[in-house]
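Structural description and commentary
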Amino acid sequence: MTDSKYFTTTKKGEIFELKGELNSDKKEKKKEAVKKVIASMTVGKDVSALFPDVVNCMQTDNLELKKLVYLYLMNYAKSQPDMAIMAVNTFVKDCEDTNPLIRALAVRTMGCIRVDKITEYLCEPLRKCLKDEDPYVRKTAAVCVAKLHDINAQLVEDQGFLDQLRELLSDSNPMVVANAVAALSEISDTSPSPAAQMEMNQQTINKLLAALNECTEWGQIFILDALSNYVPKDDREAQSICERVTPRLAHSNAGVVLSAVKVLMKGMEYVGMETEFVTTLQKKLAPPLVTLLSSEPEVQYVALRNINLIVQKRPDILKHEMKVFFVKYNDPIYVKLENWTSYPSATQENIAQVLAELKEYATEVDVDFVRKSVRAIGRCAIKVEQAAERCVSTLLDLIQTKVNYVVQEAIVVIKDIFRKYPNKYESIISTLCENLESLDEPDARASMIWIVGEYAERIDNADELLESFLEGFHDESTQVQLQLLTAIVKLFLKKPTETQELVQQVLSLATQDSDNPDLRDRGYIYWRLLSTDPAAAKEVVLAEKPLISSETDRLEPTLLDELICYIASLASVYHKPPSAFVEGQALVVRRTQLPVRSASGEPGATGATESPVPQQAQPVQQQQSVIPSHDTAMGDLLGDLLSMDLNPQPQQQMSMTPAPQQDMGGMDLLGGGLDSLLGGPSPVAGMPASQASMGGGLGDILGLGISSTTYVPPKQVWLPAPKAKGLEVSGTFSIRQNVRYMDLTLKNNAMAPMGDFAIQFNKNSFGLSPASALQVPSPLSPGQTADVTLPLGTNGPVQKMDPLMNLQVAMKNNIDVFYFSCLIPIHLLFTEDGQMDRKVFLATWKDIPDSNEVQKEIANPNQLDPKGISDKLQQSFIFTIAQRNVDGRDMLYQSLKLTNGIWVLAELKIQPRSPTMTLSLKTRALDVIPQVQQAYELIIANM
Amino acid sequence: MIHSLFMINSAGDIFMEKHWKSVISRSVCDYFFEEQQKANSPEDVNPVISTPHHYLIHIYRENIYFVAVCTTEVPPLFVIEFLHRVVDTFTDYFGDGGETAIKDNYVIVYELLEEMLDNGFPLATESNILKELIKPPNILRTVVNTVTGSSNLSDTLPTGQLSNVPWRRAGVKYTNNEAYFDVIEEIDAIIDKQGSTVFADIQGVIDCCVKLSGMPDLTLSFMNPRILDDVSFHPCVRFKRWESERVLSFVPPDGNFRLISYHVGSQNMVAIPVYVKPNISFREGGGRFDVTVGPKQTMGKLVESVVITCAMPKVVLNMNLTPTQGTYTFDPVAKVLTWDVGKINPQKLPNLRGNISLQSGSPPPESNPAISVQFKIQQMAVSGLKVNRLDMYGEKYKPFKGVKYLTKAGNFQVRT
């Protein structure tokens, strides 16, 4: 007797027959009928027509029948919303049943009925169940909130269910806590609204850690994921979280293990770099990762993808465990392919082992896998210098096998080895040349041509070899054509006498017969170079090449840091941040970044990159002395082309006062450093003060606009690198010589050069707009920083923003368009003609109603006298009209005008030897008052 | 979390689907089929597939693809582990998790899936609890049910769900109280041509069958716990005690369960209990095959159930061999040679030798095939792990206790 009997249909009127049975009086028959209905449903048959009949069976004491009906309801309520309302009453009743199992079942099913009309009726029972005495009901209800949120987010927020859910985080039962966490994180994943975000403080973290030990394995995964989003407030807290999470590494559920690894990897960043704690923790991480690699292939795959990230971040973790990456022939292919990517962690000690293993793979059947093995051998050679010789001989052995794809791959790899270790292994060139005929893939052909061109002087018949390639020039792929062109030019420069004809042939082929602009342009450039100045051509084409690094498959550091935060998630499998593939989610905002100190070259170091603008004669090539090897051919070309330096560098055409502005960055640092060294008298925060004094100093040195050195706030990061594919933008605003500027620092944290920068502002409250195009030295190579100033106009389109001073900016480069917003300091908008006539001032003061007067105590930390204050403010275009002394207090009457014509009048009461003073502002536009108050405070405190 | 589950058999039929949230059309599986077509063998389908709107995560077991559909960022291991758990539960319930078993028990399968996951969140995955909620089918019960009209579903609240020991139900009663522990170790190894070990490690588990009344609290101690430095425990094991005293202290689940699994890494020397002396050579049109197996470091125990398989290169047409012991078969379609050796007699080593014939005209293969070896050794744990004693607290009766050791080959390969 099996359930398959439910699938046997006897007659054609199946539905009709079932209908009859469902309405039967006999309980047993009813149940059998419902079972049949469910069975048809599971295989996808449409039995929705039976809806009313099935719902009628719901009023029963029989638990099994009830469950079956519930199953049916969940499936079909959507298509029969009107009917589903009939079921509501039963739900409400069941939610008050004495049996907690029934209460839980009812609340569970309720949430699965995805009908808008019903949801309202469910709120009351749900609220009750969230407070149920039985934890089983509470935990079910917690999940129900997530379900409801999925159907109607607004309703959940309005009804305050989120708060109730948050309360459950401190429930006494660990399982309830786990489910509440799971529900909350799902809600905050899908909802952009801030109300839905899970706030975490020390207390909740402690609750979660306590629940962690006692809840089910799945609950542990949810809790660990939530923990990983928490930013510990100091080292000690991070350390204690790590300590309490470490036992999870010994869990039998791979999901728990990997989630724990995530928490620990992030925790280590917060603990700080090289403490003993981190070292021991790293040791503890290795065994569980190894264990993951001996479980089911699917688990292995996910684990390997993650290990790839972990090893890149912390190469030490698995350095003694290379053997676990060795491949067995019956592993699924996706596991095999993943395994080799971990080989970059090869070191001097284990290289012999690894090489022997790789050589073994190179004789495998699977072509893809073999190729990757060969490539891995090359990578070992580049990475571990001591092993290079061994690798080369291994590669030669492989070439001897004459297996076509092995040979081709080996040649590509050997080219890279030549570049890494020039003048070391050229003796093998003859062996390579023997295999010329068999190469049919563009990659291999291009590599071979590169080798021939590069070492033309050592290959006797280089011209013949290249000529043989030239015959089918037009059938070759672009990559090969480009390479061939360059190789022949190289050959010509090395052996000018014999190859004149050849070079002319290739140049005419490239320039006249080709449709490819790249090829044509390169041809022309070479041609002109050769004809005008062969010596220069030699310098360009045969220039020393930058060394390549082994970091081909490395992720960009910023991306890697971001991905480390997503260990154990889908992002770690794709090696892409979720923003790149998850649809319309608020994820990026919510998940935290790794702390600053982990990343190499973060803002702190920005200033240190010495004068980022290259001197005009210097080829850009110098800055990218290390480029990844995967595009060596391209890099070569880039080097070739750039070192010619035909165009003047773009920054030469820059605006009127380029020198001082561009040096700002460097000066900043100097000023800051000096100030803090001298322990200057200013008691206020070091940075702003030094900035200010620097501003003055700079003015003095350069003899520029002394009168107009307004206060410049320190630069802030407006666009962090992870959000902008590696571009980091920080900036501030300043006024120099009555011109408003936006001072920007652009830093390229990506691995590719950036160029084609442009900037645009959205409409804003004061009509700020760029007065000229953005001038960025292009390309901005990886790791480089550029300081740019952008003069601003104030007659752009106006739209009132909220907050008032908000400025939305779009910045474009060759990669993408990025958006960020920043706040304009209001004093940027004070105009130099803000001095009001005394009489007008008096009249206006009286004219503005008293209700428009706002008083505020502001600080006077340096206890400046009225004269000092008035001088200071004047520099920022706040003009003192009159000064009076009343009862020992000094009264300053001041005026200022904004670019859009708004006048602000001020009365400043200064009590001698008091750290505060009273500022009364009067204006017709009350909106600006808070900003003006702030400006006063800033200027007085910082100048 | 997990949105839907599709079960797809080897013929490519979606024979079962379950949705925990809104219904997702079957057409989402087309992406899976696309991926499946690219793969050479059923095992080779990438377990995580992304489609424009969904993520498909699947496992392949019992010749069925269990494809989970997710719509949001989820930890993939969570999904994979869960799917494995689902199949484990089916196996537990129906004896095997194959297609026929699932089809025969549609309703139970559906009920199980409903209990295991709620809105994509795992609900009850411990088989103890599930069995309380949904009774596994058996002939007697089916008969009883038909006669009395009672059902497979119990209407009690699963007690374990709420207690601090969710893995154990309350009120367990046995007339014979017994606890058996099986220490099972599998050797994964790669041996090279010369017979030296490229890589070897041991995957060990302790599987238990505990049938004890009441709420017993057990303590299991080892002679040499130092071997266990990389372990994963069943949730019942108290981690603190392990950390401090190196003993396993736990309240066991009722019935069969896996207490710990452990890994003895490649840094420790692993005693390889068998050796294989292969001698395979190819020449134009044919070749020689000569393989001898022998025991090595077995601590005097008998090596049993030895099976040698060798996936020959595609150009091999047939093999004509003579075994000194056991039987051999050559599957000319899959090109797999299987030699069932049986026990190894150390005095007279088993040997299989003979000729290989190749397809005419095709060149001899460039590399020799790898040989994989299966074997079993009773009453020995190759890592040397030994149970010291088992104590029981909390209950009065005296249980019957037993420990068994078994070593077998896991993924044991010899390169030739």
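Residues numbered from 1 in each chain as written. Chains lettered and ligands numbered in written order. Predicted model: local features only at pLDDT ≥ 70, side-chain atom pairs only at ≥ 80, totals over all residues. Heavy atoms only, no water.

By a widely used convention, the size of an interface equals the accessible area lost when the partners come together. Taken together, the contacts link 93 residues of chain B with 96 residues of chain A. Buried surface at the junction of chain B and chain A, summed over both partners, amounts to about 8000 Å²; 59% is from carbon and sulfur atoms. When the buried area of chain B at its contact with chain A is split by residue, Glu73, Leu77 and Phe121 of chain B rank highest and sum to 9% of it. Two residues, arginine 108 of chain A and aspartate 118 of chain B, come together in a salt bridge whose shortest N-O distance is 3.9 Å. At the junction of chain B and chain A, the tally comes to 17 residue pairs in polar contact (both at pLDDT 80 or more). Ranked by the residues each element gives to the side of chain B that touches chain A, the list is headed by helix 2 (residues 76–94) of chain B, at eight residues. When grouped by side-chain class, the residues that make up the side of chain B that touches chain A number 41 nonpolar, 31 polar and 21 charged. (Contact = heavy atoms within 4.5 Å. Buried area = accessible area lost by both parts, 1.4 Å probe. Salt bridge = Lys/Arg side-chain N within 4 Å of Asp/Glu carboxyl O. Polar contact = N/O pair within 3.5 Å; in protein donor to acceptor, adjacent residues only side chain to side chain. Helix = DSSP H or I, 4+ residues; strand = E, 2+ residues; numbered from the N terminus. Nonpolar A, V, L, I, M, F, W, Y, C, P; charged D, E, K, R; others polar.)

What follows is about unusual backbone geometry. Residue and element names in this part refer to chain B. In this structure, asparagine 63 is a non-glycine residue whose phi angle is positive, near 60 degrees. Within the secondary structure, asparagine 63 is located in the loop between strand 4 (55–61) and strand 5 (64–70). A positive phi is found at serine 305, a non-glycine position, where the angle reads about 45 degrees. By the secondary structure assignment, serine 305 is in strand 16 (residues 303–311).

Okay, the side chain of asparagine 9 of chain B next. Residues and elements named next belong to chain B. You can see asparagine 9 is positioned in strand 1 (residues 2–9). Overall, asparagine 9 belongs to the buried group, its relative accessible area being 6%. In this structure, asparagine 9 is in contact with Phe15, Asn63 and Glu99, ignoring residues within four places of it in sequence. (Buried < 20%, exposed > 50% of the residue type's maximum accessible area, 1.4 Å probe, protein only.)

A word on the sheet that holds strand 9 (residues 197–211) of chain B. All names here are of chain B. Strand order in the open sheet made by the nine strands is 11-13-9-8-23-21-16-19-18, with mixed pairing throughout. Edge positions in the open sheet fall to strand 11 (231–233) and strand 18 (327–331), since each of these has one partner strand only. Sheet twist, expressed as the mean angle between neighbouring strand axes with direction ignored, is 15 degrees. In terms of strand pairing, strand 16 meets strand 19 (residues 336–342) through six bridges, oriented antiparallel. When the sheet's bridge partners are listed, cysteine 310 is paired in strand 19 with leucine 337. (Pairing = 2+ DSSP bridges. Axes fitted to C-alpha atoms, helices over the stretch in contact; angles between N-to-C directions.)

Let us look at the confidence of the model for chain B. Mean pLDDT over chain B: 84, with 92% of residues reaching 70 or higher. Both scores are given for the predicted complex: the pTM is 0.63, the ipTM 0.74. (pLDDT = per-residue confidence, 0-100.)

Within the secondary structure layout, asparagine 749 of chain A lies in the loop between strand 5 (739–748) and strand 6 (758–761). Between the C-alpha atoms of asparagine 749 of chain A and threonine 785 of chain A, which are 36 residues apart in sequence, the distance is 9.0 Å.

Take the sheet that holds strand 4 of chain B next. All names here are of chain B. Spatially, five strands are ordered 2-1-5-4-3 in an open sheet, and the strand pairing comes out antiparallel. Single-partner strands in this sheet number two, and they are strand 2 (14–19) and strand 3 (48–50). Neighbour to neighbour, the strand axes of the sheet diverge by 20 degrees on average, direction disregarded. Alignment of strand 1 against strand 5, held across seven bridges, turns out to be antiparallel. Within the sheet, the bridge partner assigned to isoleucine 8 lies in strand 5 and is tyrosine 65. Together, strand 1, strand 2, strand 3, strand 4 and strand 5 form the strand contacts of helix 1 (residues 29–38), whose direction differs from that of strand 1 by roughly 50 degrees.

Time to look at the packing of aromatic side chains. This structure, assessed with the given rule, holds 22 aromatic pairs over all chains. An angle of 75 degrees between the planes, with centres 5.3 Å apart, marks the rings of phenylalanine 418 of chain A and tyrosine 455 of chain A as edge-to-face. With phenylalanine 418 of chain A in helix 22 (residues 404–420) and tyrosine 455 of chain A in the loop between helix 24 (442–454) and helix 25 (462–470), this pair connects stretches of sequence that are 37 residues apart. The burial state of phenylalanine 418 of chain A is the same as that of tyrosine 455 of chain A; both residues are buried. When the centroid spacing of 4.8 Å and the interplanar angle of 70 degrees are considered together, the rings of phenylalanine 32 of chain B and tyrosine 65 of chain B count as edge-to-face. Within this pair, whereas phenylalanine 32 of chain B is found in helix 1, its partner tyrosine 65 of chain B is found in strand 5, the two being separated by 33 residues in sequence. The exposure classification of phenylalanine 32 of chain B matches that of tyrosine 65 of chain B, with both residues buried. Among the aromatic residues, ring-to-ring pairing joins Trp218 and Phe222 of chain A together with Phe78, Phe82 and Phe121 of chain B into one connected group. (Phe/Tyr/Trp six-rings, centres within 6.5 Å; stacked < 30°, edge-to-face > 60°.)

Let us look at the side chain of serine 765 of chain A. Residue and element names in this part refer to chain A. Of note, serine 765 is situated in the loop between strand 6 and strand 7 (769–770). A distance of 2.5 Å separates a polar side-chain atom of serine 765 from the backbone oxygen of leucine 804. Sequence-distant contacts of serine 765, defined by excluding residues within four places in its chain, comprise Val798, Gln799, Lys800, Met801, Leu804 and Asn900.

Right, let's talk about helix 12 (residues 202–212) of chain A for a bit. In an α-helix, one turn spans 3.6 residues; hence positions three or four apart end up facing the same way. Residues and elements named next belong to chain A. Buried residues of helix 12: Thr204, Ile205, Leu208, Leu209, Ala211 and Leu212, and no others. With its buried residues spanning 165 degrees around the axis, helix 12 presents them on a single face. Contacts made by the buried residues of helix 12 are with helix 11 (174–190), helix 13 (217–228) and helix 14 (235–245). (Arc of directions from axis to C-beta.)

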